Amino acid sequence: MSAEGNLESISKEIPSFNHVQGTNESDNHAYNASATPTITKEEDESHPDKEKTIVQPVSVDDAWLSSPVNPRNWPRSRKWVSMYTFVPPLGSSMMSPALPEVARKYGITSPTLLALTLSIFLLSFAIGPLFIAPLSEMYGRTWVYHIANVIFLAFNLGCAFSPTAGSLIAFRFLSGFAGAAPIAIGGGSVSDLFSERERAGAMAAFTIGPLIGGFIAETIGVKYVFIVISGTCAFAGLIGIPFLRETYAPVLRLRQPIVVADYRSKLRYLWLNLIRPAYMLTHSLICFILSLYMGLMYAIYYLMFTIFPSLFADTYGFTTGEAGLAYIGLGIGFIVATIISGRMSDYIYVTMADRNGGKGTPEMRIPSLIFGSFFVPIGLFWYGWSAQAKIHWIMPIIGTSIFGFGFMTTTLPMQLYLVDVFAYAASALSAASVARSLLGFAFPLFGEQMFAKLGTGGGNSLLAGLAIVIGIPFPIWLWFNGERIRSRSTLFRS
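Cut-offs and rules
- Residues numbered from 1 in each chain as written.
- Predicted model: local features only at pLDDT ≥ 70, side-chain atom pairs only at ≥ 80, totals over all residues.
- Heavy atoms only, no water.
- Helix = DSSP H or I, 4+ residues; strand = E, 2+ residues; numbered from the N terminus.
- Buried < 20%, exposed > 50% of the residue type's maximum accessible area, 1.4 Å probe, protein only.
- Contact = heavy atoms within 4.5 Å.
- Areas by Shrake-Rupley, 256 points an atom, 1.4 Å probe, with all protein chains shown as cover.
- Patch = residues over 30% accessible without salt bridge, like charges linked within 9 Å, V, L, I, M, F, W, Y side chains within 5 Å.
- Salt bridge = Lys/Arg side-chain N within 4 Å of Asp/Glu carboxyl O.
- Phe/Tyr/Trp six-rings, centres within 6.5 Å; stacked < 30°, edge-to-face > 60°.
- Expected span 1.5 Å × (residues − 1).
- Axes fitted to C-alpha atoms, helices over the stretch in contact; angles between N-to-C directions.
- Parallel < 35°, antiparallel > 145°, perpendicular 65-115°, else oblique.
- Left-handed = near helix turned anticlockwise from the far one by under 90°.
- Core = buried A, V, L, I, M, F, W, Y, C linked by side-chain atoms within 4.5 Å.
- Bend = angle between axes of the 7 residues up to and from the residue.

**Student:** I'm lost on the overall build of the protein chain in this one. Help?
**Tutor:** Along the backbone of the protein chain there are 21 helices and 2 strands. Sorting the 494 residues of the protein chain into buried and exposed places 57% on the buried side. Within the protein chain, residue pairs in contact and separated by at least 24 positions form 82% of the contacts whose partners lie at least 6 positions apart. Approximately 20,400 Å² of the protein chain is accessible, and the part contributed by carbon and sulfur atoms is 66%.

**Student:** Explain a nonpolar patch on the surface here, please?
**Tutor:** On the surface, Ile328, Ile332, Ile335, Val336, Ile339 and Ile340 cluster together into a nonpolar patch covering about 490 Å² of accessible area. As for its position among the elements, Ile340 is in helix H17 (residues 328-355).

**Student:** Explanation requested: the packing of aromatic side chains in the structure shown.
**Tutor:** Each aromatic ring pair is described using two quantities: the centre-to-centre distance and the angle formed by the ring planes. Evaluation of the coordinates by the stated rule reveals 24 aromatic pairs. Centre to centre, the rings of Tyr298 and Phe407 are 5.0 Å apart; their planes meet at 65°, and the pair counts as edge-to-face. A residue pair is termed long-range when its members are at least 10 positions apart, and Tyr298 in helix H15 (residues 285-316) and Phe407 in helix H19 (residues 394-421) qualify at 109 residues. Here Tyr298 matches Phe407 in class, with each residue buried. For the ring pair Phe371 and Phe405, a centre distance of 6.4 Å and an interplane angle of 80° mean the geometry is edge-to-face. Taken as a pair, Phe371 in helix H18 (residues 366-388) and Phe405 in helix H19 lie far apart in primary sequence, 34 residues in all.

**Student:** Which parts of the structure should I look at to understand helix H7 (residues 141-160)?
**Tutor:** Spacing of three or four residues puts side chains on the same side of an α-helix, whose turn is 3.6 residues. In a regular helix each residue adds 1.5 Å, so 20 residues correspond to 28 Å; H7 covers 28 Å between its end C-alpha atoms and thus fits that length. All of the buried residues along H7 are Arg141, Thr142, Val144, Tyr145, His146, Ala148, Asn149, Phe152, Asn156, Gly158, Cys159 and Ala160.

**Student:** When you look at the packing of H18 against helix H21 (residues 473-486) in this model, what are you seeing that I'm missing?
**Tutor:** In a packed pair of helices, the relevant descriptors are the angle between the two axes and the axis-to-axis distance. Running from N to C, H18 and H21 point in directions that differ by 165°, and their axes come no closer than 9 Å. Between H18 and H21, the angle falls in the class roughly antiparallel. The two elements H18 and H21 meet at a crossing, and its hand is left-handed. On H21, the residues touching Ile366, Pro367, Leu369 and Ile370 of H18 are Pro475, Ile476, Leu478 and Trp479.

**Student:** Would you take a moment to explain the packing of H15 against H18 for this structure?
**Tutor:** At a minimum axis separation of 12 Å, H15 and H18 run at an interaxial angle of 20°. Considering their axes alone, H15 and H18 lie roughly parallel with respect to each other. Relative to H18, the crossing made by H15 is left-handed. Note on element contacts: H18 touches H15 through Leu369, Ser373, Val376, Leu380, Tyr383, Ser386 and Ala387, opposite Leu290, Tyr293, Met297, Ile300, Met304, Ile307, Phe308, Leu311, Thr315 and Tyr316.

**Student:** How do you make sense of the nonpolar core when you look at a structure like this?
**Tutor:** If you look at the biggest cluster of nonpolar residues, it comprises 104 residues, and the most contacted ones within it are Tyr301, Phe403 and Phe422. Looking at this core element by element, the count peaks at 21 residues for H15.

**Student:** Help me understand the pattern of salt bridges in this model?
**Tutor:** Here the idea is simple: oppositely charged side chains can pair when their charged atoms come close. Enumeration according to the criterion identifies 2 salt bridges in this entry. In this structure, the salt-bridge partner of Glu101 is Arg104, at a minimum N-O distance of 2.4 Å. Taken as a pair, Glu101 and Arg104 lie in helix H5 (residues 99-106) at a separation of 3 residues, close to a single helical turn. Linking Glu363 and Arg486 is a salt bridge whose minimum nitrogen-to-oxygen distance equals 2.7 Å. In this pair, Glu363 sits in the loop between H17 and H18 while Arg486 sits in helix H21, placing the two residues 123 residues apart along the sequence. Since its relative accessible area comes to 5%, Glu363 is described here as buried.

**Student:** I would appreciate a short explanation of the environment of Ile108 in the present structure.
**Tutor:** Residue placement: Ile108 occurs in the loop between H5 and helix H6 (111-139). Sequence separation between Ile108 and Ala165 is 57 residues, and the spatial gap between their C-alpha atoms is 7.7 Å. Not counting residues within four places of it along the chain, the set of residues in contact with Ile108 comprises Val102, Ala103, Leu113, Leu114, Thr117 and Ala165.

**Student:** For this particular structure, what's the right way to read the side chain of Asn460?
**Tutor:** By the element assignment, Asn460 lies in helix H20 (residues 425-471). A relative accessible area of 2% places Asn460 in the buried class. Setting aside residues up to four positions removed in sequence, Asn460 forms contacts with Leu380, Tyr383, Gly384 and Phe451.

**Student:** What is the right way to look at H15 in this model?
**Tutor:** In this model H15 runs 44 Å from its N-terminal to its C-terminal C-alpha over 32 residues, within 8% of the 46 Å that 1.5 Å per residue would give. For H15, the principal kink sits at Ile307 and spans about 45°; a proline, Pro309, occurs within the next four residues. Among the 32 residues of H15, 25 are classified as buried, and the element is accordingly described as predominantly covered. Taken from the residues just after H15, Gly317 is the one with a positive phi, measuring 70°.

In structure tokens:
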């Protein structure tokens, strides 16, 4: 039996939980309850004194859209109880401006080893979602969050009191695995609770950490960067354990008075979710290229996190604390993209759907992707060459804000397109998550050497060239050929 046939045969044994757990708008606004059975009772003809149970399908409950149980309809104050989503971004990036202090504390002279203390977090970020996502589908998001948060707290305390660079790297790796929970769980609870237009606030959390991390490292020491992260975990747990409620729509719906057949072997279900992302990466050009492009965006993003401390210290004389302010450009880019690109994307999609007789297609996401793809190389050229020319420090920060705008404007349409076109949306996003985490782990390891050889301008020009080659021709090609490709494979929605 072929690999594709084997995967499809396994898939048929497990009804499409991935179909209903699409990680963006589909989770709570378009949950498909048609595969969920209910129980009715009729008199058993062979035993009149007994009743027999008949399983009948339930139609989609339109009342769910306006139900107070639907997390999208929760009061805003209740939504923000879910602080767990914002803790791992702080943990991944908060130490970045403190890298010079880390080097001094542990006697690290190799730029590769120093970058590894930051990026090793992303290696386990790539592995964690493959295990955590199916667990959240079986048991719900809430307890996965609680347990992962406690583990994340413990490993960050391990980072704080690490006696050697090796132990710091080990604890960073383990904390990344636990911190992957919000990334893994169907796009995170942010997508359960907030609309697409509000969602980039979670990305802005990546830039909050460096803003304060540098000043903490400079004033009271690197150890307290990790203690602050652990304290944030503890605070999130104090709020989350008593107040956080389940946000995952399929689990909430299944908690209603409905009987569900025991159709899933949990180990088999876990195994299927482990192999399907790899299968989709190797058997779908669309999944591979979009994952590669998304991975390139994240790789450049984390490369900036690694380079900023030395760049702004050597070129502009920033202290460790002041170097944290260099990250504010990325945050501004994310916020502006939230305001502009979300509305623009909606407008383009709705307008094109209206012209198509009211019927939207996944390819209607592509114009927004093409639009954002132009800002990525513009931002990189601006940032790289203004820094190399040693123009006023605000100029490279403006360049990073342009990149941040392009980053967000390209990432959201890619995620939505993957959800729209693939029958197993969660696996498609898991594949993209693995690619972006692996590239985000690898790029910082050689970034210092690349910029030493090519210069800040030349190195960023190389990255901009990759963004142009991958990010502009392929979306245009996908616009013209996407529907034809989708019709040829069972991986895509019919």
